[in-house]
There are 2 protein chains.
Amino acid sequence: MVNVDISNIWCSVSLPDLLTLEPSVSGAHAALMDAGGASFLSWLDDDSADLLARLSETADRVRDQAAYLVVVGDGSAVLGARALLELLLGRDHALRGGVRVLFAGSDLSTHAWKRLDALLEQNDFYVHAVGRDGMSLQSAAALRALRWTLERRYGMERAKEHLIVTTDPSRGALRQLSVQEGCTAFNLPRTLAGHESVLAPGALLCLMTAGVDVKAILAGAAGTRKELEIRSFENPAWLYAAARIILAKRGKRAEYLCAAEPDAWTLCRWWQDLFGSRACWKGKGLLPVAAELPGDLQQLHGLLSDGKLPLMQTFLRFAPPPQRQQVSMDLHDFDNLNCLNGYTLDFLQEQTIAGALQAGQDGGVPMVTVDCGRLEEAVLGELMYFFELSSSLCAGMLKRNLYAEEPPARFAEAASQLLGRLPPEKEG
Amino acid sequence: MVNVDISNIWCSVSLPDLLTLEPSVSGAHAALMDAGGASFLSWLDDDSADLLARLSETADRVRDQAAYLVVVGDGSAVLGARALLELLLGRDHALRGGVRVLFAGSDLSTHAWKRLDALLEQNDFYVHAVGRDGMSLQSAAALRALRWTLERRYGMERAKEHLIVTTDPSRGALRQLSVQEGCTAFNLPRTLAGHESVLAPGALLCLMTAGVDVKAILAGAAGTRKELEIRSFENPAWLYAAARIILAKRGKRAEYLCAAEPDAWTLCRWWQDLFGSRACWKGKGLLPVAAELPGDLQQLHGLLSDGKLPLMQTFLRFAPPPQRQQVSMDLHDFDNLNCLNGYTLDFLQEQTIAGALQAGQDGGVPMVTVDCGRLEEAVLGELMYFFELSSSLCAGMLKRNLYAEEPPARFAEAASQLLGRLPPEKEG
């Protein structure tokens, strides 16, 4: 299971500090579970086998018939799907063949649309619209454009076959669209957990289409779900959430998340988005900042080693794959590194991370390490579940009720607000 | 030219504040120019035509003979090349055919290496090693592995033909390697500006190989170079640098950079890296944080609208392409957006950004907008030059002498430091 090591924060946090927060974490955890489905996986309890079979059939159909799957949606579930694709298949996964998953609907950029449109012109594609009952303006605009492209390409009737919708079981624009068109549709659970989670049908279909073993991800998450039910500081999600809250109260303003894997960059962005929207609120909580190691190592040294910036830092570590890579001999030893001959790459990486940890410790920067184990499906299911739970616990501790909030920019309100600001005549 | 609008910061900064800083900016600017080559382009003054012709020949050779160019290096120049590739060709540019540029040498990840190695197995490739006189450990390790792969594939003799080196004109491991192997080599100017700039041969060769019009980038940068020579607050780089320093002194701790283009994400990362390593030092200066609009719009609203977090925000705006995209009619109007029929996407985007600016203003968050003009080569040359100059001005104002510093983790010291921590027996 994900292992959270907070031994480096005792310079700033004491055991009594932690224990004082116990009622607050406990209350947040209870409220989350009472709100229903906050286990992020409860939607799976009922009809998971049937649902997974339908998702898998649909993924097979896309793979048989198309080169691209265009996912339309915004929010953390869609970003999380991208993060998992890059972690599991590599950031250059587009070069590897198979169906390529493209993303749209999180911007209003004309450039991005023209580029997507040019790619689609030469290949068969499916559109997968993902969203809760309220769609954002940018997703709605992208979906309109993509449906028009589908109809022009495949005709009115066949266009419907190339459209997949994953949304609220009964209400909202996407549900209405799916009923009207009679297209393939999946339900997103109505809880917070359901629509924002990467462990729900919207994100899972993208991953399945790209050939990722989704069952392994869900199995990892389900195992962690049980482990993270513990209501004490033996629960790593409790530890992480409480440490963040205490450090924020002690005057820390930002948290750096560093992963030493280049393919983990989008995961760090997803984390920045998740903790930024849930756990940084009304001036309280830490500002999340994604960093990359050792690319940012020099920067980190500069930022951390004097301890003057109000930062905390979290390291995300993955175990290396079973087959190691050694530094090789060079006849002329042009770089003087023959002394490292025979050492493995991951061993050098461990040393580098140890150096970064030491720099932080010297500077009095509180540091948390999250050890994830192997970079594989089950572990990533655990990790996503861990971050989803701990960000929700932070939200609860900051007295933010995520369930009571309406979706932030429901398309209709957004559009009417927009129209209020539009000039009398249209542009075009 | 890049237009910097600071009209939104007058809530926190006054004109006398700005004028008080004049000697400091002016001193930083003079020191930068005295240090030589800090115009970031002075290396071009001498033999640019000849050098560009040689770069172009080499790029043609790679295009003729290979499917991949693997760029080995770390630091902002390499990240900047990636940023420009994604901005000009799209983040999914790997799907577009032509030579694909891959990046290595900024990590010690075994996963990343295995994935790269698997891609190279099926295709012809060139290796381009970029670095100053001191190489980082991660670049050196990657280059050893890649040279071994080249020799296994092409044999000792032909492997040399597939290696390109861009480095210091006379010293360092890479120069020694290029002399020993007799491979194609280019000079990186020895000034700060030269090796870290995206406007230098290392990054330019990657861009040329991918088919980017490098001459247009350089022409844009050269134009801006003249404009940004003005020694007064009419110089947008002065304005931006001074505003950052004043706001940091006033207690702001972080700066969000937001671009409304999804393809600008790596540019924001490059900016985070550049300003993080130069202009955030010893607890002084703003912590740079890359964000994305409107993906992060909700988050920004949460962070900004109450004005309680000590943030400033910078918006990066590009003009839309000449050919606009309109929101289309939908017969059933499933999303109630027919009211927007005929409005262009970029117009809606403008409104969204205006909304974000308004939210910031309401919350008393100081905001800067950087209007770049069209998303095209010349403009990006201007923008890169602008950020390189303004980050260096900030460094100077924080009394950081970038020229006096040694490269942070020269491979030999890094290796010996590492060896000091290694256990007696090797792993493997």
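Below is a summary of the structure that appears in this document.

The rules behind each value
- Residues numbered from 1 in each chain as written.
- Chains lettered and ligands numbered in written order.
- Predicted model: local features only at pLDDT ≥ 70, side-chain atom pairs only at ≥ 80, totals over all residues.
- Heavy atoms only, no water.
- Least-squares fit on C-alpha atoms with pLDDT ≥ 70 in both.
- Contact = heavy atoms within 4.5 Å.
- Buried area = accessible area lost by both parts, 1.4 Å probe.
- Salt bridge = Lys/Arg side-chain N within 4 Å of Asp/Glu carboxyl O.
- Polar contact = N/O pair within 3.5 Å; in protein donor to acceptor, adjacent residues only side chain to side chain.
- Buried < 20%, exposed > 50% of the residue type's maximum accessible area, 1.4 Å probe, protein only.
- Helix = DSSP H or I, 4+ residues; strand = E, 2+ residues; numbered from the N terminus.
- Pairing = 2+ DSSP bridges.
- Axes fitted to C-alpha atoms, helices over the stretch in contact; angles between N-to-C directions.
- Parallel < 35°, antiparallel > 145°, perpendicular 65-115°, else oblique.
- Left-handed = near helix turned anticlockwise from the far one by under 90°.
- Nonpolar A, V, L, I, M, F, W, Y, C, P; charged D, E, K, R; others polar.

### Description of the relation of the copies chain B and chain A
Mapping chain B onto chain A is achieved by rotating through 180 degrees and translating by 0.0 Å along the same axis, at an RMSD of 0.0 Å. Given the turn and translation reported, the copies of this chain are related as if by a two-fold rotation axis.

### A closer look at the interface of chain B and chain A
Tallying the contact residues gives 118 residues for chain B and 117 residues for chain A. Carbon and sulfur atoms make up 58% of the area that chain B and chain A hide from each other, which totals about 10,600 Å². The largest per-residue losses of area from chain B upon contact with chain A belong to R115, R144 and F334 of chain B, which jointly make up 9% of the total buried on that side. The tally of links from chain B across to chain A stands at eight salt bridges. A salt bridge links D263 of chain A to R115 of chain B, with the nearest nitrogen and oxygen atoms 2.4 Å apart. Taken together, the connections running from chain B to chain A amount to 28 residue pairs in polar contact (both at pLDDT 80 or more).

### With respect to helix α9 (residues 201-209) of chain B
Residues and elements named next belong to chain B. The element α9 is largely enclosed, with a buried count of nine among its nine residues. The complete set of buried residues in α9 reads P201, G202, A203, L204, L205, C206, L207, M208 and T209. Two residues or fewer past α9, G211 is found with a positive phi of approximately 95 degrees.

### Regarding the sheet that holds strand β6 (residues 184-187) of chain B
Residue and element names in this part refer to chain B. What the five strands build is an open sheet, ordered β3-β2-β4-β5-β6; its pairing is parallel. Each end of this open sheet is capped by a strand with a single partner; those strands are β3 (100-104) and β6. Strand after strand, the sheet turns through a mean of 20 degrees between neighbouring axes, direction not considered. Across five bridges, the pairing between strand β2 (residues 68-72) and β3 is parallel.

### Considerations on the sheet that holds strand β2 (residues 68-72) of chain A
All names here are of chain A. With parallel pairing, the five strands of this open sheet are ordered in space as β3-β2-β4-β5-β6. With one partner strand each, in any of the chains shown, β3 (100-104) and β6 (184-187) form the two edges of the open sheet. Pairwise comparison of adjacent strand axes, ignoring direction, gives a mean angle of 20 degrees for this sheet. Pairing analysis gives four bridges linking strand β5 (residues 163-167) to β6, with the strands arranged parallel. Paired with I164 across the bridge in β6 is T184. Packed on one face of the sheet, helix α6 (residues 137-161) meets β2, β3, β4 (125-130) and β5 and runs near 135 degrees to β4. Here helix α9 (residues 201-209) sits on the sheet and contacts β2, β3, β4, β5 and β6; the angle it forms with β4, its principal contact strand, is near 160 degrees.

### Quick notes on the packing of helix α4 (residues 76-89) of chain B against helix α12 (residues 265-278) of chain B
All names here are of chain B. Running from amino to carboxyl end, α4 crosses α12 at an angle of 160 degrees, the nearest separation of the two axes being 8 Å. Classified by the interaxial angle, the pair formed by α4 and α12 is roughly antiparallel. By crossing handedness, the relation of α4 to α12 is classed as left-handed. Side by side, α4 and α12 meet where S76, L79, G80, R82, A83, E86 and L87 of the first sit next to T266, L267, R269, W270, D273 and L274 of the second. Of the residues that constitute the contact of α4 with α12, the class distribution is six nonpolar, three polar and four charged.

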